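# Fold and contact review
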Amino acid sequence: MTEEEFDAFYTAAFPRLVGQLYAFTGDHAEAQDVVQEAFVRAWDRRGSFDAAEAPEAWIRTVATRLAVSRFRRARRWLELVRKDAPPEQTPGPGPEHVALVAALRELPQAQRLAIVLYHVCDLSVEQVAAETGSPVGTVKARLARGRAALALHLAPQDAETFTGKKEATHAS
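What comes next is a walk through the structure. (Residues numbered from 1 in each chain as written. Predicted model: local features only at pLDDT ≥ 70, side-chain atom pairs only at ≥ 80, totals over all residues. Heavy atoms only, no water.)

### Description of the environment of leucine 143
Within the secondary structure, leucine 143 sits in helix α7 (residues 136–153). The sequence separation of leucine 143 and histidine 119 amounts to 24 residues, and the corresponding C-alpha distance is 9.5 Å. The residues touching leucine 143, leaving out its near neighbours within four places in the chain, are Ala114, Ile115, Tyr118 and Val125. (Helix = DSSP H or I, 4+ residues; strand = E, 2+ residues; numbered from the N terminus. Contact = heavy atoms within 4.5 Å.)

Put into structure tokens, the structure is as follows:
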């Protein structure tokens, strides 16, 4: 891939990858940082990239691994130094965003990654399997279990949060 091709690829793929990693991390600034770092690493390898070989998948994989690594490092650091969290200074996201991010965080990492790659990145089951190095059946199971877990976390009683209306409940 030439420098011009890489520049065009960066321009097209960066916003999409940031959106995908934001869905995975729940932190827009962190998503931008890890995608940028992945592109920096890709720059040195741009000569070996072929547009037919899905360089975006390589960058997404590197960015995902960087995000997981940073999360683990930050969590260890917080465990060492945290006494009380500082008060929130900025307004938070809306209730539906909070509910979705909280529900995604409750999923095991493998299920969360499968859900994000399939539903947010719009990859096929086969593409998710190739990107994660998992068999297709495993990806299908992770998607099914992840959806079931999300359904429990985003149950009808939470619908009032999203719609402002109470759902009708049926006594059994």
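On we go.
### Observations regarding unusual backbone geometry
Although it is not a glycine, aspartate 122 adopts a positive phi angle of roughly 60°. By secondary structure assignment, the location of aspartate 122 is in the loop between α5 (109–120) and α6 (125–132).

### Concerning the packing of aromatic side chains
Enumeration according to the criterion identifies 7 aromatic pairs in this entry. Measuring from ring centre to ring centre gives 6.0 Å for phenylalanine 6 and phenylalanine 39, while their planes differ by 80°; the resulting arrangement is edge-to-face. One end of the pair, phenylalanine 6, is in helix α1 (residues 3–25); the other, phenylalanine 39, is in helix α2 (residues 28–44), with 33 residues separating them in the sequence. Exposure remark for phenylalanine 6: the relative accessible area of 4% places this residue in the buried category. Phenylalanine 39 gets classed as buried once you look at its relative accessible area, which sits at 2%. Seen from their ring centres, phenylalanine 9 and phenylalanine 39 are 5.6 Å apart, and the 55° between their planes marks the pair as tilted. Placement of phenylalanine 9 in helix α1 and of phenylalanine 39 in helix α2 is noted, with a sequence separation of 30 residues between them. For phenylalanine 9, a relative accessible area of 13% translates into the label buried. Ring pairs connect the aromatic residues Phe6, Phe9, Tyr10, Phe14, Phe39 and Trp43, which therefore count as one cluster. (Phe/Tyr/Trp six-rings, centres within 6.5 Å; stacked < 30°, edge-to-face > 60°. Buried < 20%, exposed > 50% of the residue type's maximum accessible area, 1.4 Å probe, protein only.)

### Overview of the environment of leucine 104
Along the polypeptide, leucine 104 turns up in helix α4 (residues 95–106). In this structure the C-alpha to C-alpha distance between leucine 104 and glycine 26, which are 78 residues apart in sequence, comes to 9.0 Å. Apart from the residues lying within four places of it in its own chain, the contact partners of leucine 104 are Ala23, Arg112, Ile115 and Leu150.

### Some details on α7
Every α-helix winds through 3.6 residues per turn, so residues three or four apart in the chain are directed the same way. Counted at 1.5 Å a residue, the expected span for α7 with its 18 residues is 26 Å, and the 26 Å between its end C-alpha atoms agrees. Considering only its buried residues, α7 is in contact with α4, α5 and α6. (Expected span 1.5 Å × (residues − 1).)

### Considering the pattern of salt bridges
Taken as a whole, this structure holds 4 salt bridges when the rule is applied. Salt-bridge contacts for arginine 60 lead to glutamate 131; the nearest nitrogen and oxygen are separated by 2.6 Å. In this pair, arginine 60 sits in helix α3 (residues 55–81) while glutamate 131 sits in helix α6, placing the two residues 71 residues apart along the sequence. We note that arginine 60, like glutamate 131, is buried. Salt bridges here are not isolated pairs; linked through shared partners, they connect Arg16, Glu56, Arg60 and Glu131. (Salt bridge = Lys/Arg side-chain N within 4 Å of Asp/Glu carboxyl O.)

### Considering the nonpolar core
If you look at the biggest cluster of nonpolar residues, it comprises 38 residues, and the most contacted ones within it are Phe9, Leu21, Val35, Phe39 and Ile59. Of all the elements in the fold, those that place two or more residues in this core are α1, α2, α3, α4, α5, α6 and α7. The greatest single-element share of this core, amounting to 8 residues, is contributed by α1. Discounting residues that sit within four places of it in the chain, valine 35 has contacts with Phe14, Leu17, Val18, Leu21 and Ala63. (Core = buried A, V, L, I, M, F, W, Y, C linked by side-chain atoms within 4.5 Å.)

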